[in-house]
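# Tertiary structure, described
If you want the building blocks of each chain, they are given just below.
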Amino acid sequence: MKKKSLKICLILFCLISIINSCKTKQKAEQADETKTQSFETFNIDVDRNTKIVDVIKLSDITDSVEYIPLDTTNSVLIAKIQGLHVSDSLILIRDKGATYLLNSKGQFQKSLYHIGKGPREAYGTHVGIDNRNIYVANRWSKGIMRFSSKGKFLDEMKYKHLFWQFYFLKDMIVFPEDINPTNFSFYVHNRTTDSVIYEHPFRYSHLPYSRGGYSNMYVWFDIFEDNLLFKEQVCDTIFSTTDFNNIRGAYFLDFGSRRLKPEDYFSKSPHKFDNKQFIIAFKEKSKFLLMKGVDNNQLCQYLFNKGNKQILKSFDLQIKNDLDGGPSLHFWEIHNSSYDSRILYFYIQPHELLDEANKPSVNSKLDQIRKSTNINNNPILVKAYLKQP
């Protein structure tokens, strides 16, 4: 009798555990669904709701800026920052194939590898970081090298579709690929098994390869909080997803004509745009969407304010520093892969700061940095704290 009672108790316990587990799962799914539904979709009327300004000002988007001079040693002389990733504890700089590790104060720690084709040598094309490790795409091996947060080499994994860039999303890794001219796609892999979870063929796959030097990417990616956003170059929609089970339009860009075909954008000469507008790059933050585009054969940039739906447009790709008298900032010169929604990173060269020496509006903190700077120093990072909603 006791054995029978014990058996009944065990069965009841299992049933209760299963029911609670289902409820927990249902709550989690509802929370995820609520989170997805709460993500606002924007219709941006670029054609009729844009205010053209001479220059976009730093005060339009930020409250304050901080300057981080990068350590200058014989071990690291940075010609031009091509890739930048910043976390709370470290700064990763990519410069012409090299990748340098610095601490959060800009002090040089080490070069992650030597440039070359030998063992543990590389030519880095993209850098990334997760909670534990640093990752660098290696052009020569078409693999991704993994380093510890201290810069120690751990291993290298080869992926089927690795080309130039990669993006992390949860336990997935995303690769854009444009090697095959008849099949432009991007691929989503499981990070550990390299199995293909999802393939996204581009809608517009017959663009001329040379496009006047405006951009060489068929698709642009950005990470915002838990979302990966992507946009094909001549598509009028920026898509967003958290897991590739649900891909939705986050921004619909209205240039006065919807769903244009590639031939609507390009004349017979691939070096001349056919007097059309479109977006080739973007960066999303909590309150703003920054976009780089082409209008009437000219490069331009847009600033979309999510709060008041205002769109500013400037044909000057610099952002004027009207906060502390510092030099104008160039956002689009680097692949900026800081995922912090509160911060934008820029950099300035020493000569740009020295050229501002006689400006009366330079504040004392910036003036102090200028006095300790010489023309041969490494660039100076500018950390811009964005206005919040």
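Rules of the game
Residues numbered from 1 in each chain as written. Predicted model: local features only at pLDDT ≥ 70, side-chain atom pairs only at ≥ 80, totals over all residues. Heavy atoms only, no water. Helix = DSSP H or I, 4+ residues; strand = E, 2+ residues; numbered from the N terminus. Buried < 20%, exposed > 50% of the residue type's maximum accessible area, 1.4 Å probe, protein only. Polar contact = N/O pair within 3.5 Å; in protein donor to acceptor, adjacent residues only side chain to side chain. Contact = heavy atoms within 4.5 Å. Phe/Tyr/Trp six-rings, centres within 6.5 Å; stacked < 30°, edge-to-face > 60°. Pairing = 2+ DSSP bridges. Axes fitted to C-alpha atoms, helices over the stretch in contact; angles between N-to-C directions.

Mapped onto the fold, Lys313 is located in strand S26 (residues 311-314). Exposure remark for Lys313: the relative accessible area of 5% places this residue in the buried category. Of the polar contacts made by the side chain of Lys313, one reaches the side chain of Asp295; its length is 2.4 Å. If near-sequence neighbours (up to four positions away) are discounted, Lys313 is found in contact with Thr50, Lys51, Ile52, Val53, Gln277, Asp295, Cys300, Gln301 and Tyr302.

On inspection of all chains with the given rule, the structure shows 15 aromatic pairs. For the ring pair Phe42 and Tyr251, a centre distance of 5.4 Å and an interplane angle of 10 degrees mean the geometry is stacked. In this pair, Phe42 is assigned in strand S1 (residues 42-45) and Tyr251 in strand S22 (residues 247-254), connecting sequence segments 209 residues apart. As far as burial versus exposure is concerned, Phe42 and Tyr251 are alike and both buried. An angle of 65 degrees between the planes, with centres 5.8 Å apart, marks the rings of Tyr123 and Trp140 as edge-to-face.

With that settled, the discussion passes to the sheet that holds strand S24 (residues 288-295). Strands sit in the order S2-S26-S25-S24-S23 across an open sheet of 5 strands; the sheet is mixed. Both outer strands of the open sheet, strand S2 (50-52) and strand S23 (277-284), are each paired with one neighbouring strand and no more. Sheet twist, expressed as the mean angle between neighbouring strand axes with direction ignored, is 25 degrees. The pairing of S2 with S26 spans 3 bridges and is parallel. Bridge pairing links Lys51 to Leu312 in S26.

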